[in-house]
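Chain by chain, the residues:
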Amino acid sequence: MLGISLNNRIFAGTIRNKMEQKKITISDARLRKAAEQGMDEFLQVFIDRDREVIGGELTAENMGWLNGEQISLLAYAIFRDEVMDGGFVQLIHNGYGPFIFDNPFAKAMRLMGAHDFSKLVYKGKSLYDRYKDELTKEC
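All of these numbers come straight from a predicted model, not from anything done at the bench.

### Structural notes on the pattern of salt bridges
- Considering all chains together, one arrives at five salt bridges under this definition.
- The salt bridge involving Asp28 is made with Arg32; its shortest N-O contact spans 2.8 Å. Taken together, the positions of Asp28 and Arg32, both in helix H1 (residues 28–37) and four residues apart, correspond to about one turn of that helix.
- A relative accessible area of 9% places Asp28 in the buried class.
- In this structure Arg32 comes out as partly exposed when scored by relative accessible area, which is 37%.
- Across the pair Asp129 and Lys125 runs a salt bridge whose closest N-O atoms are separated by 3.0 Å. One end of the pair is Asp129 and the other is Lys125, both in helix H6 (residues 115–136) and four residues apart, which spans about a single turn.
- What makes Asp129 partly exposed here is its relative accessible area of 37%.
- Residue class for Lys125 comes out partly exposed when judged on its relative accessible area of 26%.

### Describing helix H3 (residues 68–93)
- Under the 1.5 Å per step criterion, the end-to-end length of H3 is only 25 Å for 26 residues, more than 12% shorter than the ideal 38 Å.
- Gly86 marks where H3 bends most, by close to 125°.
- You can read the cap of H3 off the contacts: a side-chain oxygen lies 3.0 Å from the backbone nitrogen of Glu69, and it is on Asn67.
- At the C-terminal side of H3, Gly95 shows a positive phi close to 90°.

Reading the values: rules and limits
Residues numbered from 1 in each chain as written. Predicted model: local features only at pLDDT ≥ 70, side-chain atom pairs only at ≥ 80, totals over all residues. Heavy atoms only, no water. Salt bridge = Lys/Arg side-chain N within 4 Å of Asp/Glu carboxyl O. Helix = DSSP H or I, 4+ residues; strand = E, 2+ residues; numbered from the N terminus. Buried < 20%, exposed > 50% of the residue type's maximum accessible area, 1.4 Å probe, protein only. Expected span 1.5 Å × (residues − 1). Bend = angle between axes of the 7 residues up to and from the residue. Polar contact = N/O pair within 3.5 Å; in protein donor to acceptor, adjacent residues only side chain to side chain.

Listed below in structure tokens is the structure:
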């Protein structure tokens, strides 16, 4: 379940757990405040809340708790933070190359409407695939 409303409702997303399902909620006031500050702040509300629910870091163990949109949003946050700090080389050096380039991340971004961004990720993937061995070796 995934829904967003700014009309006196809350954002609700469901994460799956083998034992139980949990509901992620974000108050309307928090969403409105973030929306007034801009798109980055608006997205960050969702990213922060998802990270909070999974214990701060996306792992193989807690990845199954999230739906595809939540995983894609966290992947976007990881991509953005790594590339803005140290570029594609840092992203790969810190071990995120397979997570970003060996999964349908670029396709997910395209389907979410981020067409130009998706093209950038596809270009990065082609270079990653070509130079993977050199980029991922110990140094």
